[in-house]
Amino acid sequence: MSREGQGRRFPQRPVAVFALDFAQGASTGLHAHPFGQLVHAAAGVMRVWTRRGTWVVPPGRAVWIPAEVEHDVQMVTSVAMRTVYVLSGVLPGAPAESCVVPVPALLRELILEALRLPRPYPLGGSEERLFRVLLDQVSFREVVPLHLPMPTSPALARIAARLRSDPSDSRTLGAWAKANATSARTLARNFRKETGLSFGAWRAQLRLMRALELLALRRSVTDVALSLGYEGTSAFISAFRRHLGKTPARYFDDSGPLEE
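Residues numbered from 1 in each chain as written. Predicted model: local features only at pLDDT ≥ 70, side-chain atom pairs only at ≥ 80, totals over all residues. Heavy atoms only, no water.

Colleague: So what exactly am I meant to see when it comes to the nonpolar core here?
Modeller: One broad trend across soluble globular proteins is that nonpolar side chains are buried collectively. Met-46 and Phe-236 are the most contacted members of the largest nonpolar core, which has 53 residues in total. At 10 residues, the largest contribution of residues to this core is made by helix H6 (residues 199-216). In this structure, Trp-64, Val-86, Leu-91 and Leu-110 belong to the second largest nonpolar core, which totals 23 residues. (Core = buried A, V, L, I, M, F, W, Y, C linked by side-chain atoms within 4.5 Å. Buried < 20%, exposed > 50% of the residue type's maximum accessible area, 1.4 Å probe, protein only. Helix = DSSP H or I, 4+ residues; strand = E, 2+ residues; numbered from the N terminus.)

Following this line, the structure appears as structure tokens:
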């Protein structure tokens, strides 16, 4: 049984909520569940790894992980994890792929209130109605773009690994092609085929997701911009706002102000 909660055991109700707190740097280890789960951090930032890619989960968001998907949840900061386990068929419209979704204030409060109920909660009363309302508040209409798909071929996987270790690496696709004894056209075609993104878009996504992790660790906006290879703070703030709809400081309002 994984530390995350119920391991391979099914919950005693169609939906259940569990809470665990983790220290920075902790990990759940690679595991899977026979039920879907919505993993939310009441505080802190998580990184979720599956064979399909990586997701970063900042405050106010949650990652949906379908049943039987192997995953590892890594704690970028200390994390107060609140997880909603859902049996198959209970949550209509739940996607077959993982994704990050918003957690509105009402859903957050319902999750916290559900944690105060007996386990398993009684059926036929206010407790069951609360869980029904909780499920009604889970929506997949607005997916937050915090997914980094990973290439699978050996050559592209090596390039991706190098860039993940140093996102500031600004080598062109032509330079990477030369280092791998192939053509830039071939690399570009294969990168899009395997990830759904162009090489440039993939690297931009990597930098933005790493930026979220560094900002969560209280690094200044200027420091993050320069360490990730942006031309300057303004270029970073512009890219961040264009992709995520807010400036870096406003994005983390719930976690306290950041230094600009």
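Colleague: Would you mind going over the pattern of salt bridges with me for this structure?
Modeller: If the charged atoms of two oppositely charged side chains come close together, the side chains can form a pair. Enumeration over the complete set of coordinates arrives at 9 salt bridges. Salt-bridge contacts for Arg-171 lead to Asp-169; the nearest nitrogen and oxygen are separated by 2.8 Å. You can call Arg-171 partly exposed: its relative accessible area is 29%. On the basis of relative accessible area, Asp-169 is assigned to the buried category, the value being 13%. Each of Arg-47, Arg-210 and Glu-213 takes part in salt bridges that share partners, so that together they form one network. (Salt bridge = Lys/Arg side-chain N within 4 Å of Asp/Glu carboxyl O.)

Colleague: In this structure, what is going on with the environment of Ser-126? I would like to understand it.
Modeller: Within the secondary structure, Ser-126 is located in helix H2 (residues 126-136). When the C-alpha atoms of Ser-126 and Val-221 are compared, they prove to be 46 Å apart, with 95 residues separating the residues in sequence.

Colleague: Looking at this structure, how should I read the sheet that holds strand S5 (residues 61-65)?
Modeller: In any sheet, the strands associate via hydrogen bonds between backbone groups, in a parallel or an antiparallel arrangement. With respect to topology, 5 strands assemble into an open sheet ordered S1-S7-S2-S5-S8, the strand pairing being antiparallel. Edge strands, defined here as strands with exactly one partner in the open sheet, are strand S1 (15-22) and strand S8 (99-102). Pairwise comparison of adjacent strand axes, ignoring direction, gives a mean angle of 25° for this sheet. When S5 meets S8, the two strands line up antiparallel, connected through 4 bridges. Among the inter-strand pairings, Trp-64 is bridged to a residue of S8, identified as Cys-99. Against the sheet, helix H1 (residues 105-114) contacts S1, strand S2 (36-43) and strand S7 (79-86), and its axis sits at roughly 100° relative to S2. Relative to S1, H2 is tilted by about 75°, and along the sheet it contacts S1 and S7. (Pairing = 2+ DSSP bridges. Axes fitted to C-alpha atoms, helices over the stretch in contact; angles between N-to-C directions. Contact = heavy atoms within 4.5 Å.)

Colleague: What is the right way to read the sheet that holds strand S9 (residues 147-149) from this model?
Modeller: A sheet is described by the order of its strands in space; here 4 strands give the open sequence S6-S3-S4-S9, paired in antiparallel fashion. A strand with exactly one partner marks an edge of an open sheet, and here the two such strands are strand S6 (72-75) and S9. Mean inter-strand twist for the sheet, computed between neighbouring axes without regard to direction, equals 20°. Relative to strand S4 (residues 53-57), strand S3 (residues 46-50) is paired through 5 bridges, and the arrangement is antiparallel. Bridge assignment links Trp-49 to a residue of S4, and that residue is Thr-54. Here H6 sits on the sheet in contact with S3, S4 and S9, set at roughly 135° to S9.

Colleague: What exactly am I supposed to notice about H2 here?
Modeller: Each turn of an α-helix holds 3.6 residues, which means side chains three or four residues apart point in the same direction. Within the sequence span of H2, burial applies to Glu-127, Glu-128, Leu-130, Phe-131, Leu-134 and Leu-135. End-on, the buried residues of H2 take up no more than an arc of 155°, which puts them together on one face. Those residues of H2 that are exposed and angled more than 90 degrees off the buried face are Arg-132 and Asp-136. (Arc of directions from axis to C-beta.)

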